[in-house]
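Coordinate inspection notes
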Amino acid sequence: MLRKRLQTLGIEIPALTPPLASYVPAKRHQDVIYVSGQLPLLAGNLLMTGPMQSGRSLDDAQNAMGRCFLNGLAAAGTVVDLDEIQGVLKLGAFVASEPDFADQHKVANGASDLAQEIFGASGIHARFAVGVAVLPLNATVELEIHFLV
Amino acid sequence: MLRKRLQTLGIEIPALTPPLASYVPAKRHQDVIYVSGQLPLLAGNLLMTGPMQSGRSLDDAQNAMGRCFLNGLAAAGTVVDLDEIQGVLKLGAFVASEPDFADQHKVANGASDLAQEIFGASGIHARFAVGVAVLPLNATVELEIHFLV
Amino acid sequence: MLRKRLQTLGIEIPALTPPLASYVPAKRHQDVIYVSGQLPLLAGNLLMTGPMQSGRSLDDAQNAMGRCFLNGLAAAGTVVDLDEIQGVLKLGAFVASEPDFADQHKVANGASDLAQEIFGASGIHARFAVGVAVLPLNATVELEIHFLV
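Throughout what follows, the structure given in this document is the object of discussion. (Residues numbered from 1 in each chain as written. Chains lettered and ligands numbered in written order. Predicted model: local features only at pLDDT ≥ 70, side-chain atom pairs only at ≥ 80, totals over all residues. Heavy atoms only, no water.)

Re the packing of aromatic side chains
- Inspection of the entire model under this criterion finds 12 aromatic pairs over all chains.
- Both rings, one in A:Phe119 and one in A:Phe147, keep their centres 6.2 Å apart while their planes meet at 50°; by these two values the pair is tilted. Of the two residues, A:Phe119 sits in helix α3 (residues 104-119) while A:Phe147 sits in strand β7 (residues 141-148), which places them 28 residues apart along the sequence.
- For A:Phe119, a relative accessible area of 12% gives the class buried.
- Owing to a relative accessible area of 0%, A:Phe147 belongs among the buried residues under this scheme.
- A connected cluster of aromatic rings, assembled from ring pairs, spans A:Phe94, A:Phe128, B:Phe94, B:Phe128, C:Phe94 and C:Phe128. (Phe/Tyr/Trp six-rings, centres within 6.5 Å; stacked < 30°, edge-to-face > 60°. Helix = DSSP H or I, 4+ residues; strand = E, 2+ residues; numbered from the N terminus. Buried < 20%, exposed > 50% of the residue type's maximum accessible area, 1.4 Å probe, protein only.)

The following block contains the structure:
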C-alpha cells in the first residue's frame, strides 16, 4: 500500500505539474509505466538550475533528483492508482554538467535512495547516469522512470 | 490503417537510410518496436547540423525532429507492415545544444506533434528531451522511438 | 550456450565490479534484462577517461565500449544464468565528446560488433549513440544494455 507507506515516511506526493509540451506525464503498457522525463519542479519553480560543477552542493543536486522522483510518482498517478505501483524497474538520470564534474552517479543516488526508502527491495532498479550539456528550462537534473505495477 | 492516414495527411514515408553502423534500424520484441536513434536525414543529407543555440531557428529544429520521426516510421517498416503500427509508447529526444539553449522540450515537440497528428490519441506518448554535447555526423537532433503494434 | 560460445571466442567474462551507488547491476522483467549503465572498468580501473576529440584513438574508444558490453554480460549474470541469455534487444551508447568529435556511432560499434560476434543474428539490436558532456568518474564511454532471455 504505497499511500500508507508514503504517509508513514511523511512524504507528500506533489501536485502534478502539467507537461511543458505535447506529450503525457506517463503512459502505461502492460505492467510497466513509462514516466516522461521529470524536472525538479516544486510548486511550479525549479529547485535548482544551471550545470553541476566542482564546488556546487552535491546535497542540493541529490535533493533535486529526489524531487524528480516524487514528481514521477505524481505522473504515474495519472494512469494508475498509486497503490498499484509495485516498484521501480529503471531510472535514467541526466545531470547538466560542466567538464570538471564527474559525480553524476552520486547525484542520481538522490532518486535511487528514495526509491528504496519508499518501495523497499522492490524499489531497487537498473539505472544509467550521464552528464549532459543542458536540460529544458536550464534545470540541473532530469529523471526518466519506469515503474512496475 | 496507417498508410491511408499518411496519404490523407499528404505525408510520404521516406526511403530508408541504411544504418551508419553495425545494428538494425528497428527490432521488434513482443508488441513493441524499438527504433534505433534516428537522424534528420532527407535523401541522404542532414537537414540541420551543429548545436542549437540562442538565435537559431526553433522552427528548423522542430522540422528536423519531425523528419527523425518519419525516418523512424520507415525504420519500423523494416520489421512490420506500417498498417500494423498502432501508436507511440515513448520518445527519447536528444538535441545538440550550446549552454545558452534550454528549449529542448520545444524542439522535441516537432516529433510529438507529428506523432499525434498521424496516430491521434494513440500517438500520445511518454518522453524525455535533453541537450547533449554533440551527435553523430554533427546532426542537430536525434530521436529514439518505441512504437506499439 | 553462451558460456561455450564465449570460450570458443576466447572471451572471459570479467569479475563483476560492484555498482558505484544504490542500485543493482541488472534487473529482470519478464524476458528482458535491464542492465545498468556500464563503464569501461577492467580490474577496477577505467580503460579510458576524458572526452573523445578529434585525434584521439577511435580504436581505444571502441575497445572501451566493448569492455562495457562484457561488463554488461557480467552484470546480467547476477540475475540469470549466462546460458539463458538469448540475444540483445537494445544498446544505449553514451560517449563523452568534445564538439569536434562526431563519430559516436563508430565508437558504439565497439559494442555492437562484439554483440554480433558473441550472439550471431540474435545479437543484432536497436541502438542509439550520443555525445554527452561528461560521464561518471570521467569515463570516456558508458553503455546501457537490454538483453533478451
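Some remarks on the interface of chain A and chain B
- Opposite the 24 residues of chain A that make contact, chain B presents 29 residues.
- Between chain A and chain B lies a buried interface of about 2,100 Å² when both sides are counted; carbon and sulfur atoms form 60% of it.
- Counting the surface chain A buries against chain B, the share from its top three residues, A:Ser22, A:Lys27 and A:Val134, is 28%.
- Of the charged contacts, one joins A:Glu144 and B:Lys90 as a salt bridge, the two residues approaching to 2.8 Å between their closest N and O atoms.
- The interface formed by chain A and chain B contains 12 residue pairs in polar contact (both at pLDDT 80 or more).
- The set of elements that each furnish at least two residues to the side of chain A that touches chain B consists of β1 (26-29), β2 (32-38), β5 (87-96) and β7 of chain A.
- The element contributing the most residues to the side of chain A that touches chain B is β2(A), with 4 residues.
- Tallied by class, the residues present in the side of chain A that touches chain B amount to 13 nonpolar, 7 polar and 4 charged. (Contact = heavy atoms within 4.5 Å. Buried area = accessible area lost by both parts, 1.4 Å probe. Salt bridge = Lys/Arg side-chain N within 4 Å of Asp/Glu carboxyl O. Polar contact = N/O pair within 3.5 Å; in protein donor to acceptor, adjacent residues only side chain to side chain. Nonpolar A, V, L, I, M, F, W, Y, C, P; charged D, E, K, R; others polar.)

Remarks on the nonpolar core
Residue and element names in this part refer to chain C.
- Of all hydrophobic cores here, the largest spans 38 residues; its most connected members are Phe-69, Leu-73, Ile-85, Ile-118 and Phe-147.
- Elements with a contribution of two residues or more to this core: α1 (2-9), β2 (32-38), α2 (58-76), β5 (87-96), α3 (104-119) and β7 (141-148).
- Of the residues forming this core, the biggest block, 9 residues, is contributed by α2. (Core = buried A, V, L, I, M, F, W, Y, C linked by side-chain atoms within 4.5 Å.)

Some points on the packing of α2(C) against α3(C)
Residues and elements named next belong to chain C.
- α3 packs onto α2 with a crossing angle of 45° between their chain directions and a minimal axis gap of 7 Å. As judged from the angle between their axes, α2 and α3 are oblique. The handedness of the crossing between α2 and α3 is right-handed. Along the contact surface, α2 presents Leu-58, Ala-61, Gln-62, Met-65, Gly-66, Phe-69, Leu-70 and Leu-73, while α3 presents Lys-106, Val-107, Ala-108, Asn-109, Gly-110, Ala-111, Leu-114, Ala-115, Ile-118 and Phe-119.
- Grouping the constituent residues of the contact of α2 with α3 by class yields 13 nonpolar, 4 polar and 1 charged. (Axes fitted to C-alpha atoms, helices over the stretch in contact; angles between N-to-C directions. Parallel < 35°, antiparallel > 145°, perpendicular 65-115°, else oblique. Left-handed = near helix turned anticlockwise from the far one by under 90°.)

Re the relation of the copies chain C and chain B
- Turning chain C through 120° and shifting it by 0.0 Å along the axis lays it on chain B, with an RMSD of 0.0 Å. Here the copies are linked by what is in effect a three-fold axis.
- An overlap of only 14% is found between the interface residues of chain C and their copies at the interface of chain B, pointing to separate contact surfaces. (Least-squares fit on C-alpha atoms with pLDDT ≥ 70 in both.)

Here's the deal with the interface of chain C and chain B
- In this assembly, 29 residues from chain C lie in contact with 24 residues from chain B.
- The contact between chain C and chain B buries some 2,100 Å² in all, and 59% of this surface belongs to carbon and sulfur atoms.
- Our count for the contact surface shared by chain C and chain B stands at 1 salt bridge.
- Taken together, the links from chain C to chain B amount to 12 residue pairs in polar contact (both at pLDDT 80 or more).

Comments concerning the pattern of salt bridges
- The tally for this structure, following the rule as stated, stands at 15 salt bridges over all chains.
- Its salt-bridge partner being C:Lys106, residue C:Asp103 comes within 3.7 Å of it at the nearest N-O pair.
- Residue C:Asp103 is classed as partly exposed on the basis of its relative accessible area of 25%.
- Here C:Lys106 falls in the partly exposed class, since its relative accessible area comes to 35%.
- Each of the salt bridges in this network shares a partner with another, and the network as a whole consists of A:Lys90, A:Glu144, B:Lys90, B:Glu144, C:Lys90 and C:Glu144.

Some points on helix α2 (residues 58-76) of chain A
All names here are of chain A.
- Along its 19 residues, α2 runs 27 Å from first to last C-alpha, staying within 8% of the 27 Å computed at 1.5 Å per residue.
- Burial of α2 is extensive: 14 of the 19 residues sit out of reach of the surface.
- Sitting at the head of α2, Ser-57 places a side-chain oxygen 3.3 Å from the backbone nitrogen of Asp-59. (Expected span 1.5 Å × (residues − 1).)

A closer look at the sheet that holds strand β6 (residues 126-132) of chain A
All names here are of chain A.
- Taking strand neighbours across the sheet as the criterion, the 5 strands line up as β1-β2-β7-β5-β6 in an open arrangement whose pairing is mixed. Each end of this open sheet is capped by a strand with a single partner; those strands are β1 and β6. Ignoring strand direction, the axes of neighbouring strands in this sheet form an average angle of 10°.
- For β5 and β7, the ladder comprises 8 bridges, and the chain directions are antiparallel. Counterpart to Ala-93 in the pairing with β7 is Leu-143.
- The sheet contacts of α2 involve β1, β2, β5 and β7, and relative to β7 the element is tilted by about 40°.
- Relative to the sheet, α3 contacts β5, β6 and β7, its axis offset from that of β6 by approximately 150°. (Pairing = 2+ DSSP bridges.)

Regarding the pairing of strand β6 (residues 126-132) of chain B
Residues and elements named next belong to chain B.
- Most of β6 sits inside the fold, with 7 of its 7 residues counted as buried.
- Both strand β5 (residues 87-96) and β6 contribute to a ladder of 7 bridges, which runs parallel. Opposite Leu-91, over in β6, you have Arg-127 as the bridge partner.
- Each parallel crossover has a hand, and for β5 linked through helix α3 (residues 104-119) to β6 it is right-handed. (Right-handed = clockwise from strand over helix to strand, strands pointing away.)

Considerations on the relation of the copies chain A and chain B
- If you rotate chain A by 120° and push it 0.0 Å along the axis, it lands on chain B with an RMSD of 0.0 Å.
- Residue by residue, only 17% of the interface of chain A is reproduced at the interface of chain B, so the copies engage with different surfaces.

Observations regarding the environment of C:Tyr34
- Along the chain, C:Tyr34 turns up in strand β2.
- With 28 residues separating them along the chain, C:Tyr34 and C:Gln62 place their C-alpha atoms 22 Å apart.
- Not counting the four nearest positions on each side in its chain, C:Tyr34 is found in contact with A:Leu89, A:Lys90, A:Ala126, C:Pro25, C:Ala26, C:Lys27, C:His29, C:Ile145 and C:His146.

Interpretation note: all reported values are geometric properties and have no functional meaning in isolation.
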